[in-house]
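# Report on the structure
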Amino acid sequence: QVQMVESGGGLVQAGGSLRLSCAASGRTFSSYAMGWFRQAPGKEREFVAAIRGSGRNTYYADSVKGRFTISRDKAKNTVYLQLNSLKPEDTAIYYCATPCGKWEEIRANGYWGQGTQVTVSA
């Protein structure tokens, strides 16, 4: 059974930093991309960042480029999201996910964690 467990969320002031972790189990994750999404109250879930199975390529939403960094530790089956220069608009529940197959189908056919709350105060 595939499990994704996020941790590291919390309350931080604007300009501060957090590091989110997602521990995965139940499959060979080095063969699959992994990513982070977020959902703010009243908004749709949006893409934040992704990293290929090899770890060589990373992708970011424009809103977080230069502030957030995604990385993975294959030995630990863990993906991280370093959040720097946080803004109040970054407040959301952050989810990690990996596709069952194709990345493009991740929303409908992926493995998702339960989410971790990030709250940024002004």
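Definitions and cut-offs
- Residues numbered from 1 in each chain as written.
- Predicted model: local features only at pLDDT ≥ 70, side-chain atom pairs only at ≥ 80, totals over all residues.
- Heavy atoms only, no water.
- 1 Å grid on protein atoms, 1.4 Å probe; cavity = no way out; pocket = protein on both sides within 12 Å on 5 of 7 lines; lining within 4 Å.
- Points joined across faces, edges and corners; volume = space filled by probe spheres on them.
- Helix = DSSP H or I, 4+ residues; strand = E, 2+ residues; numbered from the N terminus.
- Nonpolar A, V, L, I, M, F, W, Y, C, P; charged D, E, K, R; others polar.
- Buried < 20%, exposed > 50% of the residue type's maximum accessible area, 1.4 Å probe, protein only.
- Contact = heavy atoms within 4.5 Å.
- Disulfide = S-S within 2.5 Å.

### Quick word on the layout of surface pockets
Space inside the largest pocket adds up to approximately 170 Å³. Around the largest pocket sit Ser31, Tyr32, Ala33, Phe47, Ala50, Ile51, Arg52, Gly53, Tyr59 and Trp103, which together line it. If one sorts the elements of the lining of the largest pocket by residue count, strand β5 (residues 46-51) sits on top with 3 residues. Its residues assigned to classes, the lining of the largest pocket comprises 7 nonpolar, 2 polar and 1 charged.

### Some remarks on the environment of Leu20
One can find Leu20 in strand β3 (residues 18-25). Using a relative accessible area of 0% as the deciding quantity, one classes Leu20 as buried. Taking the C-alpha atoms as reference points, Leu20 and Cys96, 76 residues apart in sequence, are found 9.4 Å from one another. Other than its neighbours up to four places away in sequence, Leu20 contacts Ser7, Gly8, Gly9, Trp36, Val79, Tyr80, Leu81, Leu83, Tyr94, Thr116 and Val118.

### Let's talk about the state of the cysteines
Scanning the entire structure with this criterion turns up 1 disulfide. Here Cys22 pairs with Cys96 through a disulfide, and the sulfurs are 1.9 Å apart. Across the S-S bond linking Cys22 and Cys96, the dihedral sits near 50 degrees, which makes this disulfide right-handed. Highlighted residues: Cys22 in strand β3 and Cys96 in strand β9 (residues 92-99), separated in sequence by 74 residues. Cys22 gets classed as buried once you look at its relative accessible area, which sits at 0%.

### Quick look at the side chain of Ser21
With respect to the helices and strands, the residue Ser21 is situated in strand β3. Residue classification places Ser21 among the buried positions, given a relative accessible area of 18%. The residues contacting Ser21, other than those within four sequence positions of it, are Val5, Glu6, Ser7, Trp36, Thr78, Val79 and Tyr80.

### A closer look at empty space enclosed by the protein
For the structure on display, the rule yields 1 cavity of 30 Å³ or more. Estimated volume of the largest cavity: approximately 30 Å³. Considering the residues around the largest cavity, the lining is formed by Phe29, Ser30, Met34, Arg72, Asp73, Lys74, Asn77 and Thr78.

Remember, this is a structural readout, not a statement about activity or role.
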